[in-house]
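Reading the structure
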Amino acid sequence: MRATSLNPHVVTLGTAGGPRWWTGVHAGKRAGISTAVVVGDAVYLVDAGSGVGNQLMKAGFSVGNLRGIFLTHLHSDHCIDLASLAIFGLFTLRHDQKPIRIIGPGDRGALPARSPRAVVAPKPLFPEQPTPGTTVMFEHLMRAHATDLNDRVIDALRPSPLDRFLPSDISIPDDIGYDPNGNPTPVGMVPFEIYRDELVTVTATLVKHPPIAPAFAFRFETAEGSVTISGDTAPCENLVRLAQGTDLLLHEAIDFDWVSRAYGNAASEEAQASMDHHRRSHTSATDAIGIAVQAGAARLALHHLVPGTAPASVWLSHADQFPGLFLVPDDLDVIPFSPVIRKEADSVPSTEMKMAASL
Ligand SMILES: [Zn+2]
Ligand SMILES: [Zn+2]
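Residues numbered from 1 in each chain as written. Chains lettered and ligands numbered in written order. Predicted model: local features only at pLDDT ≥ 70, side-chain atom pairs only at ≥ 80, totals over all residues. Heavy atoms only, no water.

The final tally for this structure, using the stated rule, is 10 aromatic pairs. Aromatic side chains Phe 138 and Phe 165 sit 6.2 Å apart centroid to centroid with 45° between the ring planes, which places their arrangement in the tilted category. Of the two residues, Phe 138 is situated in helix H4 (residues 134–144) and Phe 165 in strand E6 (residues 165–169); the sequence distance between them amounts to 27 residues. Judged by its relative accessible area of 2%, Phe 138 falls in the buried class. By relative accessible area, Phe 165 is classed as buried at 2%. Grouping aromatic residues by their ring pairs yields a cluster made of Tyr 44, Phe 70, Phe 192, Tyr 195, Phe 216, Phe 218 and Phe 220. (Phe/Tyr/Trp six-rings, centres within 6.5 Å; stacked < 30°, edge-to-face > 60°. Helix = DSSP H or I, 4+ residues; strand = E, 2+ residues; numbered from the N terminus. Buried < 20%, exposed > 50% of the residue type's maximum accessible area, 1.4 Å probe, protein only.)

With that settled, the discussion passes to the coordination of the zinc ion (ligand 1). For the zinc ion (ligand 1), every protein donor is listed as Asp 77 (OD), His 78 (NE2), Asp 232 (OD) and His 304 (NE2), and the spread of their distances is 2.1 to 2.2 Å. Taken together, the four donor atoms coordinating the zinc ion (ligand 1) span angles of 89 to 167° at the metal, a pattern that classifies the geometry as irregular. Sequence positions of the residues that donate to the zinc ion (ligand 1) give the spacing D-H-x153-D-x71-H. A separation of 3.3 Å is found between the zinc ion (ligand 1) and the zinc ion (ligand 2), both of which receive a donor from Asp 232. (Donors = N, O, S within 2.8 Å, 3.2 Å for Na, K, Ca; no water. Tetrahedral: all angles 85-135°; square planar, octahedral: opposite > 155°, others 65-115°.)

Taken in spatial order, the seven strands line up as E6-E5-E4-E3-E2-E1-E14 in an open sheet, and their pairing is mixed. This sheet does not close on itself; its edge strands, each paired only once, are E6 and strand E14 (334–336). Between one strand and the next, the sheet's axes are offset by a mean angle of 20°, whatever the strand orientation. Looking at chain direction, strand E3 (residues 42–46) and strand E4 (residues 66–70) are connected through four bridges and run parallel. (Pairing = 2+ DSSP bridges. Axes fitted to C-alpha atoms, helices over the stretch in contact; angles between N-to-C directions.)

The step from Pro 210 to Pro 211 runs through a cis peptide bond, and the omega angle for that step is 5°. Counting through the fold element by element, Pro 211 comes out in the loop between strand E8 (201–206) and strand E9 (216–222). Cis geometry is adopted by the peptide bond preceding Pro 307, which originates at Val 306 and carries an omega value of 0°. Here Pro 307 shows up in the loop between strand E12 (299–306) and helix H11 (312–316). Phi is positive for His 26, close to 70°, though the residue is something other than glycine.

The next point concerns the nonpolar core. Counting 31 residues, the largest nonpolar core has Val 37, Tyr 44, Phe 70, Ile 194, Phe 218, Phe 220 and Val 227 as the members making the most contacts within it. Secondary structure elements with two or more residues in this core: strand E2 (34–39), E3, strand E7 (192–196), E8, E9, strand E10 (225–229), strand E11 (248–254) and strand E13 (325–327). (Core = buried A, V, L, I, M, F, W, Y, C linked by side-chain atoms within 4.5 Å.)

This part covers helix H9 (residues 269–281). Taking 1.5 Å of rise per residue, 13 residues should cover 18 Å, and H9 covers 18 Å from first to last C-alpha, within 8% of that figure. All of the buried residues in H9 are Ala 271, Gln 272, Met 275, His 278 and Ser 281. Of the surrounding secondary structure, the elements contacted by the buried residues of H9 are E11 and helix H8 (256–263). (Expected span 1.5 Å × (residues − 1). Contact = heavy atoms within 4.5 Å.)

Let's shift gears to the pairing of E10. The element E10 is largely enclosed, with a buried count of five among its five residues. Hairpin connection between E9 and E10: a loop of two residues separates the two successive antiparallel strands.

Taken together, the protein donors to the zinc ion (ligand 2) comprise His 73 (NE2), His 75 (ND1), His 209 (NE2) and Asp 232 (OD), at separations of 2.1 to 2.4 Å. Classification of the site at the zinc ion (ligand 2) rests on its four donor atoms, whose angles at the metal span 91 to 167°, yielding the label irregular. By relative accessible area, His 73 is classed as buried at 0%.

Using the criterion set out here, one finds 10 salt bridges in the structure. In this structure, the salt-bridge partner of Asp 276 is Arg 117, at a minimum N-O distance of 2.7 Å. With Asp 276 in helix H9 and Arg 117 in the loop between strand E5 (100–104) and H4, this residue pair connects regions lying 159 residues apart in the sequence. In this structure Asp 276 comes out as partly exposed when scored by relative accessible area, which is 28%. (Salt bridge = Lys/Arg side-chain N within 4 Å of Asp/Glu carboxyl O.)

Structurally, the position occupied by Ala 266 is in the loop between H8 and H9. Residue classification places Ala 266 among the partly exposed residues on the basis of a relative accessible area of 29%. Ala 266 has contacts with Ala 271 and Gln 272, leaving out every residue within four places of it along the chain.

Taken in spatial order, the seven strands make up an open sheet running E7-E8-E9-E10-E11-E12-E13, and their pairing is mixed. In this open sheet, the two edge strands, each paired with only one partner strand, are E7 and E13. The mean angle between the axes of side-by-side strands here comes to 20°, regardless of whether they run parallel or antiparallel. Pairing of E12 with E13 involves three bridges; the strand directions are parallel. Of the residues in E13, the one forming a bridge with Ala 301 is Leu 327. Docked against the sheet, helix H10 (residues 285–295) engages E11, E12 and E13, running at close to 155° with respect to E11.

Structure (structure tokens):
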């Protein structure tokens, strides 16, 4: 591998998708979705799924290493451990550390349309504020823990998470025709910048994950390579544009055969509604490969695997369709995203070797 000063890489902290703890064979092998993007000494987190704090620690990092937490969308499997990062994380912050940015979607602005399968009109929770964005969600989370936090701030003189974390909502360009229900994924939109420091520039685009909106994919560009993270999405042209020529694409994948097995025979409208959601909002391994090929990505790694307990063979059966390096990482795998040069491609373990190593 080419020696670089920044050694840009990701650590796949958690690779399972879905708002649940997967049970059965292989249970517990994959934590909830979360990825560390590491550039030099800086660590940027993308999503904060179940178990993220523990996974960070196992990877050799702490909240004290984080510059930013980027949330692709506000489904709970992507942010369920945001509160624990901010509360348990207070104990590993460095004194000289700048407030950690939390950057994610704003308020949806409107409830989604009711499922056509609804027999009785479902009642929304908290109708006075039914779709809070990142900033308000963070405040609510901290309010919920105020008893604990005030003990620590007043009695133990600990810092306040309100001073050490800085949440903000991503502003969507207002000239692209975005509308959470009418046009959640404007066609042909140009990726836009959401964050920049001396090491990375992060751009975003809107992806196709109805009914949630907004749902983002992110690209981290460094002087020594780029990584693009799909978030949750059905196959999406906006993502192809964002990922154009990227050195590593991390793309979500779902096993639609499992979806059919899990819900296909269930006659209830609830089961059918769940199946509808998966089919219009997620991507098969084969389609993820197609997206990576269209984007000209040098490497493709599948993550946010649903189900989180599927054997590797489910994901690897189409590996030969991708001309570059194809990976199905385990939790805590390290994947470089410096530009591929021939020698590196030759020295990286092949898909087959990777599969053998992980079995
Ligand atoms: Zn998800
Ligand atoms: Zn989602």
